[in-house]
Every structure is written in structure tokens, then in C-alpha cells.
Protein chains: 2
Amino acid sequence: MLSPSAALGTGFSRISVIGLGLIGSSLLLAIREAMPTVTLIGHDASPDVRETARRLKLADAITDTAGAAVADADLVILCVPVRAMADVAASIRDDLPPEAIISDVGSCKAEILASLTAALPHHRVIPAHPVAGTENSGPEAGFASLFTGRWCIITPPAEADPAAVARIADLWREVGALVETMDAAHHDLVLAVTSHLPHLIAYTIVGTASDLEDVTRSEVIKYSAGGFRDFTRIAASDPTMWRDVFLSNKDAVLEMLQRFSEDLSALQRAIRWNDGDALFNLFTRTRAIRRSIIEEGQDDPAPDFGRSHP
Amino acid sequence: MLSPSAALGTGFSRISVIGLGLIGSSLLLAIREAMPTVTLIGHDASPDVRETARRLKLADAITDTAGAAVADADLVILCVPVRAMADVAASIRDDLPPEAIISDVGSCKAEILASLTAALPHHRVIPAHPVAGTENSGPEAGFASLFTGRWCIITPPAEADPAAVARIADLWREVGALVETMDAAHHDLVLAVTSHLPHLIAYTIVGTASDLEDVTRSEVIKYSAGGFRDFTRIAASDPTMWRDVFLSNKDAVLEMLQRFSEDLSALQRAIRWNDGDALFNLFTRTRAIRRSIIEEGQDDPAPDFGRSHP
Ligand SMILES: NC(=O)c1ccc[n+]([C@@H]2O[C@H](COP(=O)([O-])OP(=O)(O)OC[C@H]3O[C@@H](n4cnc5c(N)ncnc54)[C@H](OP(=O)(O)O)[C@@H]3O)[C@@H](O)[C@H]2O)c1
Ligand SMILES: NC(=O)c1ccc[n+]([C@@H]2O[C@H](COP(=O)([O-])OP(=O)(O)OC[C@H]3O[C@@H](n4cnc5c(N)ncnc54)[C@H](OP(=O)(O)O)[C@@H]3O)[C@@H](O)[C@H]2O)c1
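Keep in mind it's a predicted model, so treat the numbers as computed, not measured.

Draft legend 1. View of the sheet that holds strand 1 (residues 14-18) of chain B. Residues and elements named next belong to chain B. Pairing is parallel in the open sheet, where six strands are placed in the order 3-2-1-4-5-6. The open sheet has two edge strands, strand 3 (61-62) and strand 6 (124-125), and neither has a second partner. Judged from the five bridges that link them, strand 1 and strand 2 (residues 39-43) form a sheet pairing that is parallel. The residue of strand 2 that forms the bridge with Ser16 is Ile41. Its contacts with the sheet put helix 7 (residues 162-174) on strand 1, strand 4 (75-78), strand 5 (101-104) and strand 6, and the angle it makes with strand 5 is roughly 45°.

As C-alpha cells, then:
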């Protein structure tokens, strides 16, 4: 639904999205639904993705070059893997209108903020990160309600134009997100624990399970409903995206990993020494967080995520 | 639906379930649905649970003592925490009919097999483990379709009566499960990787996230949709049950934990040395397992487990 005040609020009339995977396609669909009068232009490096995007009518036009996509845009949102952001910024520099605002959706912010402001020193760069996604990638994985009720974190540079920040915030509210602002370094620390470390651990355990000699792969699959299958969902996420995340947010990820490893060693020790009380106490303490996440609308309260029981 | 041949197959006419939590109550509901002519008797150590079980009409009778529950039973299934099994077995010894078969649903099998056969040396003990569950516990969490399409692993002792094993297998098939038989030690190794290690890691990471100084608890909750929230579901599982599992399956859990830690160190090193190829290769390899789990009907193919997007 288009609320007139909000449309005035964002004030964008032509929005370009570069990178038409899960996030880019979802964003286009969500903007189309919330703000139907905005002109939408898309571009992706991959000809196949562009063809799919045209077939799905994700935008009013899908251009063959990034430069063509941004000419006349008043907002450009980069939705490519984290480490591709700087190249895309360089490739659009010459075509970008001087008044255009540049934003992105990358999962780490400090490095992106630095590289985008370096590549586009005369433009207003307002990075953002919608904390929403699924394990699927590509243009066909997108859906308009992906951001509904999820948080989008805006990480403006210290000297950012407050009006530009407000317009980016309004855009995300229009597509259903809740908006928070913080500095890029703090964002990277928070997301290291709520997203990057969980992915790293999921990838590791799925790798560990694949490499066993005494337990077959078929056994791992058959008995995965004991808990393992949850990790396989996360570990099915896009390899390029996640490689870039870990390289880009290296320091915060290594810091969180260090803490996790210490805590895991303590638990290992409790098991080795039959310290049932230590185990029981930790296992009791961790229950409360789940309750809060559900109370705050950040997960499905149904048992087992509401999975279908065939 | 009752299929006459299957009813003949199991041949049980009076089944006792001791422990009326998630698994015990689900089993009663599932047997009631699949084999409506069987008499069902339940008992739980907790008066509150017994009262709830009566209110929910989980069985034809809920008895105040374990002994009363098993008198005249031809099958007794223990559905209590792993380390409570031996006590329950001792408490029913004097009332147990000599022909009764004893089974259980515990998550680890070697220790239970040893303790049940020690406590009931003159009875046929046929342990089993349905690999199915949710993060909820207690009698109100149960539902009849919990075992549908899931595997139940039977771990009979070497000298087990094949007829008794076949009857237990038929019972689980009747309630919708797929049945596999293996020795208890191998079961414990397989489940250490597909269930116990994932739970241990989930408990650890949720603990790590709760203990940070630079990231607030409220931030952890708000941005949990980045992956963390999945771990909180598993880490909301019953503390007593899981304490018992780790103490009972200590050796296999420590072995898997060791392998996991080595693999995690390798990944940590790859991040530290910016080895993007190593990351990319692992992240590509882990995708295949998810596909197989979905193909074999062991998880919901919908993105994000089919979670509701509000
Ligand atoms: N997935 C999530 O859960 C999630 C959540 C929040 C934020 N993010 C962030 O959102 C961004 C996109 O992620 P995604 O999940 O949408 O990934 P995705 O589905 O893999 O889509 C990325 C798209 O960008 C294209 N691309 C790569 N390099 C490009 C370039 N130089 N110029 C133009 N297009 C290029 C890719 O084409 P090719 O496939 O041909 O390379 C692909 O179509 C990433 O920065 C990620 O960190 C992701
Ligand atoms: N949850 C799963 O995902 C899952 C899956 C497969 C197998 N299992 C196994 O199934 C068994 C039961 O687990 P659950 O999830 O059903 O746990 P639950 O919901 O906590 O239920 C266990 C019940 O047993 C009762 N109990 C404890 N000690 C007892 C005793 N000595 N005599 C009689 N009743 C007693 C408990 O009462 P109080 O609460 O008053 O102690 C509780 O009502 C465990 O061995 C577990 O390893 C669980």
C-alpha cells in the first residue's frame, strides 16, 4: 500500500538496483509493491540473471551495463557480494548523477563504507544492511515480504547528510523493515555474533560430518532430524557471498570465534569431568534468549520453526 | 487407520508408557491413532504431569506409581531422561509380567542397554530411539504425527529374541516411522554427530552471545534473524534431557567435538590468512548435503524451513 506521506518521505523517483540476486530482486519486488510510482532500473553482471530478471519483470528496465542503469537515478543500491562493491562503484562513477545517493545491502559495513566513499568521494554514500535472508540465492529466490518485520541497520559515515540518511531510513520502512542506525564498526561486531559466527560454525559442522570414516554420509542424512539438518540449511547459503563476508569482517569474526572456542573448551571439560551441574546451568540459561526472540517477533513461535510434519 | 495385518504384526494389547513428556505423550497419541484397540497406561513421576495427562486423556489410565502402570502390560516403553532409565527399571521390576517386553526412547543407547539389561536380567530388553523431536518438552508438547517419516533406530542386544525385535519394529512402523536396526555403540557414534554435537554447539554459541560486553543482549535478539535465531531454537531444548545425553554419550561426543574443533581451527586459519579459495571450496561442498536431506524427505524444502514471514 502506498501511503502518500511516506512516498513524499523517501522522495525517490528513479531507483537503480545493481545485483539481482536474492536481496536485489526482493528489494525491487518490495519497492514495486510499496511505492508503485517509482521507476525501477536493474542490472546484474550475469547475462543469465538479466534474462531471468526481464522474464520476471523485476524492474521497468534491466540494462546490460551498470553505467546505463544509474544514469538519471536518484538512488543506487548495490546488492552484489561484499567484495564486489568497490568494483561496481568504480564502474558507475562516470555515469552517476552528482545528486544521486549511493547505498548498498552488504552484510559487513566498515570495509564497504571505506571503499565506497573512496571510489565515489563526491557522492553521498549511506550504507545499509537488511538483516533478512534465506538460504537461497539468485533472482528467482526473491520475494516482496522478505524485509517485513526485520531490522535494517543503516551505518552512515560520521559526516553524512542527515536528510539523505532519513530518506534511506524511510525507504526501508516503506518496504516493511524496522530501522536502526549505528556506526559501521559496531555493526560488524554485532553481526559477527548474530550472523557470521553462526554461519561459520554451521559450515564447519557440516564439513566435519561429511568427512567421517565410521559414520556414512547416508547415515548423516537419514538421522539429520536430530538437530544436524538445521545447520545444513545455513550451510547451503551462497559460497561467494559468505567467503566475502569472512574476509571482509575478519577481525570481528576472529574475535568472536576465539570467545566461542574458549566457551566450547569449558563445556568439553565439563563433559569430560562429568560436571552435570555446569551443563544443566548453561542449558537453563540459554532458554531465555529464545523466548525473547519470539516475544520480539524475530522468529516463528511454532515448534520446530513451524516445519511441515508430513 | 488400523490395518488388520499390522495389528496382528505388533500383537500388543496393553502398552505402558513411563514418562509423559514430549516423546511419551506423542507416542501415546500416535499409538491411539494407529491402533485404537490397544489399552494404553501411562505414568509420570510428576503429579502435575499426571494431572495434565489425565486432562488430555493421553491414555486409558494414568497411574500414580510406575509399578501399577506395568502390571499386566505386554510392552513397557520408558520415555524418561536417559539417566533416569535405570531407576525406573528397578522400580518396576517386581510388578513387571515375565513375558513383557521392555523398550525405551532414550537418545543414547549403549549405557541404557547395559543398565536396563542389568536391572531386568530376566526380561527381553529391546531399546529404540525415534530420531524426532521439537524444542518443546512436557505432556502438552506432544502430537501424534511427530514420528511420521522420521527414522526410529532399534539397538537390540546381540542375543535378542528376533520376534521381540520384529514386534518393536512393527510398532514404530505403525506410528509412521521408518525403522533401522544397528548396534548400540554405532548408534551412539552416529547420533553424536547428527544430534548431540549440534546441540552442544548451539548451547555454546547462545551462551557466548549472552556473555558479550560490547554487544548488548537486546542487539543479539534484534539482529538474530541473521542466523543466530536458528541456534536458539535448539538451545531451548530441555536441560535435564541434554545434560543426561552428554554425560551418557561422553566418549562419542568428545570424539566428535575434537574433530569439529580441528576443522574449526583450519577455517580460522583460512580466515586469518585470507585464504578465500579454502573458504569457497568448503562452502561449496556443504551445499550438497542439504539437497540430499531434502530429497530423502528429512526436511522441509521451503526456504527458511517454511517459517512464516509476517
Ligand atoms: N543472502 C542473505 O541472507 C543476505 C542478507 C543480507 C544482506 N546480504 C548481502 O546482500 C548482497 C547480495 O547477496 P544475495 O544473497 O542477494 O546474493 P546472490 O543471490 O548471490 O546475488 C548476487 C548477485 O550479484 C551479481 N553480481 C556479482 N558481482 C557483480 C558485479 N560486479 N556487478 C553486477 N552484479 C554482480 C551476481 O551475479 P553472479 O551470480 O553471476 O556472480 C548475483 O546475481 C551481499 O552483499 C550480501 O552480503 C545477503
Ligand atoms: N526431545 C527430543 O527431541 C527427544 C527425541 C528423541 C528421544 N528423546 C528421549 O526421550 C526421553 C524423554 O524426552 P522428552 O523430550 O519426552 O522429555 P520431557 O518432555 O522432559 O519428558 C520427560 C518426562 O519424564 C518424567 N520423569 C523424569 N524422571 C522420571 C522418573 N524417574 N519416573 C517417571 N517419570 C520421570 C519427567 O517428569 P519431570 O519433568 O517432573 O522430571 C517428564 O515429565 C529422553 O530419554 C530423551 O533422551 C527425546
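Draft legend 2. Representation of helix 8 (residues 184-210) of chain B within the structure. Residues and elements named next belong to chain B. Across its 27 residues, helix 8 extends 36 Å between first and last C-alpha, which sits within 8% of the 39 Å expected from 1.5 Å per residue. Most pronounced at Ala192, the bend in helix 8 amounts to some 55°. Counting buried residues along helix 8, 24 of its 27 residues qualify, which places the element largely inside the surrounding structure. The residue sitting at the N-terminus of helix 8 and contributing the capping side-chain oxygen is Asp183; that oxygen lies 3.0 Å from the backbone nitrogen of Ala185.

Draft legend 3. How the structure looks around the domain arrangement of chain A. All names here are of chain A. The domain architecture assigned to chain A consists of domain 1 (4-182) and domain 2 (187-299). Relative to domain 2, the C-alpha centre of domain 1 lies at a distance of 30 Å. Facing 21 residues of domain 1, the contacting portion of domain 2 comprises 17 residues. The contact between domain 1 and domain 2 buries some 1500 Å² in all, and 56% of this surface belongs to carbon and sulfur atoms. Interface area lost by domain 1 to domain 2 is led by Arg83, Cys108 and Glu135, which between them contribute 35%. Between domain 1 and domain 2 we count one salt bridge in total. Glu135 is the partner of Arg233 in a salt bridge, and the nearest nitrogen-oxygen pair spans 2.8 Å. In this structure, the connection of domain 1 to domain 2 is made through 11 residue pairs in polar contact (both at pLDDT 80 or more). Of all the secondary structure elements, the ones that give two or more residues to the side of domain 1 that touches domain 2 are helix 6 (110-119) and strand 8 (151-154). Along the lines of polarity and charge, the residues of the side of domain 1 that touches domain 2 split into 10 nonpolar, six polar and five charged.

Draft legend 4. Geometry of the interface of chain A and chain B. Between chain A and chain B, the contact holds 110 residues from the first and 110 residues from the second. Inspection of the region where chain A meets chain B yields 14 salt bridges. Residue Asp299 of chain B is joined to Arg229 of chain A by a salt bridge in which the shortest nitrogen-to-oxygen separation is 3.9 Å. Looking at the side of chain A that touches chain B, the elements that each hand over two or more residues are strand 8, helix 8 (184-210), helix 9 (217-222), helix 10 (228-234), helix 11 (239-248), helix 12 (250-272), helix 13 (276-285) and helix 14 (287-295) of chain A.

Draft legend 5. Fine view of the pairing of strand 5 of chain B. All names here are of chain B. Burial of strand 5 is two-sided: the residues Ile101 and Ser103 facing one way and the residues Ile102 and Asp104 facing the other way are all buried. Across four bridges, the pairing between strand 4 and strand 5 is parallel. Paired with Leu78 across the strands is Asp104, a residue of strand 5. Once the chain exits strand 4 it traverses helix 5 (residues 85-92) before rejoining the sheet at strand 5, and the crossover so formed is right-handed. Both strand 5 and strand 6 contribute to a ladder of two bridges, which runs parallel.

Draft legend 6. Seen up close, the UniProt feature "domain: Prephenate/arogenate dehydrogenase" (unreviewed entry) in chain A. Per the UniProt entry, the sites bearing "domain: Prephenate/arogenate dehydrogenase" (unreviewed entry) are residues 13-301 of chain A in this numbering. Across residues 13-301 of chain A, the secondary structure splits into 52% helix and 11% strand, with the terminal C-alpha atoms separated by 39 Å.

Draft legend 7. Structural detail: the relation of the copies chain A and chain B. When chain A is fitted to chain B, the residual RMSD is 0.0 Å, and the transformation amounts to a turn of 180° plus an axial shift of 0.0 Å. Here the symmetry operator amounts to a two-fold rotation axis. The fraction of interface residues of chain A whose copies in chain B are also interface residues reaches 100%, indicating that both copies meet through the same surface.

Draft legend 8. Representation of the environment of Ser25 of chain A within the structure. Topologically, Ser25 of chain A is positioned in helix 2 (residues 22-34). Expressed as a C-alpha distance, the spacing of Ser25 of chain A and Glu140 of chain A, which sit 115 residues apart in the sequence, is 7.7 Å.

Draft legend 9. Focus on the site of ligand 2. Residue and element names in this part refer to chain B. Around ligand 2 sit 27 residues in total, of which Ile23, Asp44, Val80, Ser107 and Gly138 are the nearest. A distance of 2.6 Å separates an oxygen atom of ligand 2 from a polar atom in the backbone of Val80. Gly138 places a main-chain nitrogen or oxygen 2.8 Å from an oxygen atom of ligand 2. Burial of ligand 2 by the surrounding chains reaches 80%, relative to a free accessible area of 900 Å². Of all the secondary structure elements, the ones that give two or more residues to the shell around ligand 2 are helix 2 (22-34), helix 5 and strand 7 (128-130). When the residues that make up the shell around ligand 2 are grouped by side-chain class, the tally is 16 nonpolar, nine polar and two charged.

Draft legend 10. Layout of empty space enclosed by the protein. Within the structure shown, the criterion is met by two cavities of 30 Å³ or more. Estimated volume of the largest cavity: approximately 50 Å³. Taken together, Leu189, Glu255, Met256 and Arg259 of chain A together with Leu212, Glu213, Asp214 and Val215 of chain B make up the lining of the largest cavity. Tallying contributions element by element places helix 12 of chain A first for the lining of the largest cavity, with three residues. For the lining of the largest cavity, the class distribution of residues is four nonpolar, no polar and four charged.

Draft legend 11. Here's a closer look at the site of ligand 1. Residue and element names in this part refer to chain A. As a structural note, the neighbourhood of ligand 1 is formed by 27 residues, with Ile23, Asp44, Val80, Ser107 and Gly138 the closest of them. Taking Val80, its main chain carries an N or O atom lying 2.7 Å from an oxygen atom of ligand 1. The backbone of Gly138 places a nitrogen or oxygen atom 2.8 Å from an oxygen atom of ligand 1. The fraction of the free accessible surface of ligand 1 (890 Å²) that becomes covered by protein chains is 80%. Of the pockets mapped on this structure, ligand 1 occupies the second largest pocket. Every element with two or more residues in the shell around ligand 1 is listed here: helix 2, helix 5 (85-92) and strand 7 (128-130). Among the residues forming the shell around ligand 1, the class breakdown is 16 nonpolar, nine polar and two charged.

Here is what the cut-offs are and how they apply
Residues numbered from 1 in each chain as written. Chains lettered and ligands numbered in written order. Predicted model: local features only at pLDDT ≥ 70, side-chain atom pairs only at ≥ 80, totals over all residues. Heavy atoms only, no water. Pairing = 2+ DSSP bridges. Helix = DSSP H or I, 4+ residues; strand = E, 2+ residues; numbered from the N terminus. Contact = heavy atoms within 4.5 Å. Axes fitted to C-alpha atoms, helices over the stretch in contact; angles between N-to-C directions. Expected span 1.5 Å × (residues − 1). Bend = angle between axes of the 7 residues up to and from the residue. Buried < 20%, exposed > 50% of the residue type's maximum accessible area, 1.4 Å probe, protein only. Polar contact = N/O pair within 3.5 Å; in protein donor to acceptor, adjacent residues only side chain to side chain. Domains from an automatic or database assignment. Buried area = accessible area lost by both parts, 1.4 Å probe. Salt bridge = Lys/Arg side-chain N within 4 Å of Asp/Glu carboxyl O. Nonpolar A, V, L, I, M, F, W, Y, C, P; charged D, E, K, R; others polar. Right-handed = clockwise from strand over helix to strand, strands pointing away. UniProt positions renumbered as here; feature names shortened; annotations may be inferred. Least-squares fit on C-alpha atoms with pLDDT ≥ 70 in both. Near = heavy atom within 4 Å. Areas by Shrake-Rupley, 256 points an atom, 1.4 Å probe, with all protein chains shown as cover. 1 Å grid on protein atoms, 1.4 Å probe; cavity = no way out; pocket = protein on both sides within 12 Å on 5 of 7 lines; lining within 4 Å. Points joined across faces, edges and corners; volume = space filled by probe spheres on them. Sits in = over half its atoms within 2 Å of the grid points.

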